[in-house]
Amino acid sequence: MIKLFNTLTHHTEEFKAIKKGRVGLYTCGPTVYNYAHIGNLRTYVFEDILTRVLRYNGYKVKHVMNITDVGHLTSDSDEGEDKMEKGSKREGKTAWEIAEFYTTAFKKDLSDLNITEPNIWCKATDHIKEQIKLIKKLEKRGFAYQTADGIYFDTSLLPDYGKMANLKNQDLRAGVRVDVGDKKNTTDFALWKFSPKLQKRQMEWESPWGMGFPGWHIECSAMSEKYLGQPFDIHCGGIDHIPVHHTNEIAQSEAANGKSLANYWLHGEFLLIDSDKMAKSGENFITMGTLKEKGFSPLAYRYFLLQTHYHKQLNFSWEALQAAQNGLQHLYNAASSLKEKYENKELENKFLEAINNDLDTSAALALIWQALKEKTIDLKTLLKFDEVFGLKIKEGAKKIEEPLSEEIKTIIADRDSARRQKDWAKSDELRKILEDKGYKVEDAKGGTKVIKI
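Small disclaimer: the values here were computed from a predicted structure and weren't measured.

J.: Would you mind going over the sheet that holds strand β8 (residues 189-194) with me for this structure?
T.: The sheet built from 4 strands is open, its strands ordered β6-β7-β8-β9 with antiparallel pairing. On the outer flanks of this sheet lie β6 (144-146) and β9 (212-214), each paired with one strand and no other. Across this sheet, the average inter-strand angle for adjacent strands is 25°, counted without regard to direction. Relative to strand β7 (residues 150-153), β6 is paired through 3 bridges, and the arrangement is antiparallel. Following the sheet pairing, Tyr145 is matched in β7 by Tyr152. Helix α4 (residues 128-140) rests against β6, β7, β8 and β9 of the sheet, and its axis sits at about 120° to β8.

Right, here's the structure in full:
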């Protein structure tokens with residue numbers, strides 16, 4: 001039995017698939033105007049764990065992820081510049097070039113973190129017809145109206161608008177979340193935006209309402225319906241999506257089709273630095289490239305994330321990441337000495353219970369370390385558990401077993417000699433050579449110690 005915390009009901013519930021043995025999963029992907037930061041990537045790691053846990057339990061998962069390459073404005077209040085147009089001006093490239101570049105960069109981040117790619121990638125710009133069709137349906141049902149700058153959704157017509165975010169109990173005065181303008185309600189949101197007069201956008205399309213581009217929220221409703229139907233099983237994203245993006249997805253989808261959008265909603269918590277959430281607009285904008293430049297393995301970051309439940313805030317520090325990298329290396333070291341002969345059904349049952357308890361990877365890792373300490377786990381079982389963790393334990397353990405080449409041994413000997421002579425400049429130069437060849441260098445009592453990374 002898999003238990004998941006459902007943001008929609010605010011309770012932990014037993015997961016029950018709509019179709020036996022099959023799961024329809026939609027996860028909100030990136031807006032590809034810049035690199036993803038490691039706070040963004042925390043969400044994708046948690047969603048990967050969800051997918052792996054479902055498959056570990058025997059489900060066939062149809063995973064759909066969107067690429068927002070148009071329509072996401074710099075403000076949640078449907079104001080400001082389109083993020084793609086902003087990225088275009090920042091880098092002197094076309095919006096289409098910006099989208100392609102940062103989509104490729106995002107997929108590289110997923111690969112580095114050993115995140116399984118979705119079954120279906122869907123770009124907003126490839127689904128303009130589907131979005132227009134959905135807006136027309138909302139218009140026909142009386143939920144859409146026109147203003148000077150676009151077509152808007154009338155949230156006052158839904159008695160339970162904002163049910164997931166509990167917006168009814170919040171004081172939504174005019175101007176607090178959005179400027180009213182000529183909209184009917186403060187919470188009304190754009191379905192379609194008109195292109196600014198006397199200004200040519202790079203990304204714009206003809207529509208029944210004039211030249212323009214879709215609002216941010218409509219793409220997810222249109223594409224999830226196309227590929228998964230409505231309702232589907234699970235919808236995921238970051239916790240920051242709850243009050244606006246996911247609230248508006250639910251509103252427009254349920255208004256259009258008269259039934260639930262998704263049965264379960266899961267949200268990953270923020271990654272913090274000094275108690276502030278990571279943001280592209282802040283000084284704490286750290287990318288996967290930054291981690292690698294500082295000598296950290298992407299899988300060390302994945303291991304760092306797995307030590308804390310996805311539904312809890314997590315504070316990032318370089319010291320904590322170093323500890324995680326050391327811990328992962330210790331796990332590889334332990335795996336390299338395991339034999340394939342010990343069978344522990346009790347451990348397997350406890351592991352399944354932990355991961356099925358709302359994806360409790362921290363508890364599952366604790367079980368592993370206890371079993372390694374007590375020598376009650378074999379390599380085959382550990383590798384089976386890694387189907388969920390995704391830490392590439394088999395590859396990591398194999399590197400431990402690989403003998404050092406004569407070239408590496410010579411560099412190590414030369415460096416040890418330089419250190420004995422207190423020639424620190426040469427010692428640092430040789431360290432750099434070893435690191436460039438893919439080794440992590442440690443100064444141990446017995447001399448230079450290297451680990452292949």
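J.: Looking at this model, I keep getting lost on the state of the cysteines. Mind explaining?
T.: By definition, a disulfide links the sulfur atoms of two cysteines through a covalent bond. In this structure the tally under the stated criterion is 0 disulfides. Cys122 takes part in no disulfide bond, and the closest cysteine sulfur to it belongs to Cys220, at a distance of 7.7 Å. Taking relative accessible area as the criterion, Cys122 reaches 0% and is therefore assigned buried. Note on Cys220: no disulfide assigned, nearest cysteine sulfur contributed by Cys28 at a separation of 4.0 Å. For Cys220, a relative accessible area of 0% corresponds to the buried category.

J.: What am I meant to see in the pairing of strand β3 (residues 22-27) here?
T.: Consecutive residues of a regular strand have side chains that alternate between opposite faces of the sheet. Along β3, 5 of the 6 residues are buried, which leaves the element largely enclosed by surrounding structure. With 6 bridges joining them, β3 and strand β4 (residues 60-67) adopt parallel strand pairing. The partner of Thr27 across the bridge, within β4, is Met65. With helix α1 (residues 38-56) bridging β3 and the parallel β4, this β-α-β connection has right-handed handedness. Where β3 and strand β10 (residues 232-238) come together, 3 bridges link them in parallel fashion. From the neighbouring strand, Thr27 faces β10, where its bridge partner is Cys236.

J.: Can you walk me through the packing of aromatic side chains in this structure?
T.: All told, the structure shown has 20 aromatic pairs when counted by the stated rule. Between the aromatic rings of Phe316 and Trp318, the centroid separation amounts to 5.1 Å while the plane-to-plane angle is 80°, which identifies the pairing as edge-to-face. Phe316 gets classed as buried once you look at its relative accessible area, which sits at 3%. Relative accessible area serves as the criterion here: at 28%, Trp318 is assigned to the partly exposed category. An aromatic cluster of three or more residues is present, and its members are Phe296, Tyr301, Phe304, Phe316 and Trp318. In this structure, Lys184 is placed above the aromatic ring of Tyr145, and the distance from its NZ or CZ to the ring centre is 4.6 Å. For Arg201, the ring lying beneath its charged end belongs to Phe213, and the centroid distance is 3.6 Å.

Conventions and cut-offs
- Residues numbered from 1 in each chain as written.
- Predicted model: local features only at pLDDT ≥ 70, side-chain atom pairs only at ≥ 80, totals over all residues.
- Heavy atoms only, no water.
- Pairing = 2+ DSSP bridges.
- Helix = DSSP H or I, 4+ residues; strand = E, 2+ residues; numbered from the N terminus.
- Axes fitted to C-alpha atoms, helices over the stretch in contact; angles between N-to-C directions.
- Contact = heavy atoms within 4.5 Å.
- Disulfide = S-S within 2.5 Å.
- Buried < 20%, exposed > 50% of the residue type's maximum accessible area, 1.4 Å probe, protein only.
- Right-handed = clockwise from strand over helix to strand, strands pointing away.
- Phe/Tyr/Trp six-rings, centres within 6.5 Å; stacked < 30°, edge-to-face > 60°.
- Lys NZ or Arg CZ within 6 Å of the ring centre and 35° of its normal.

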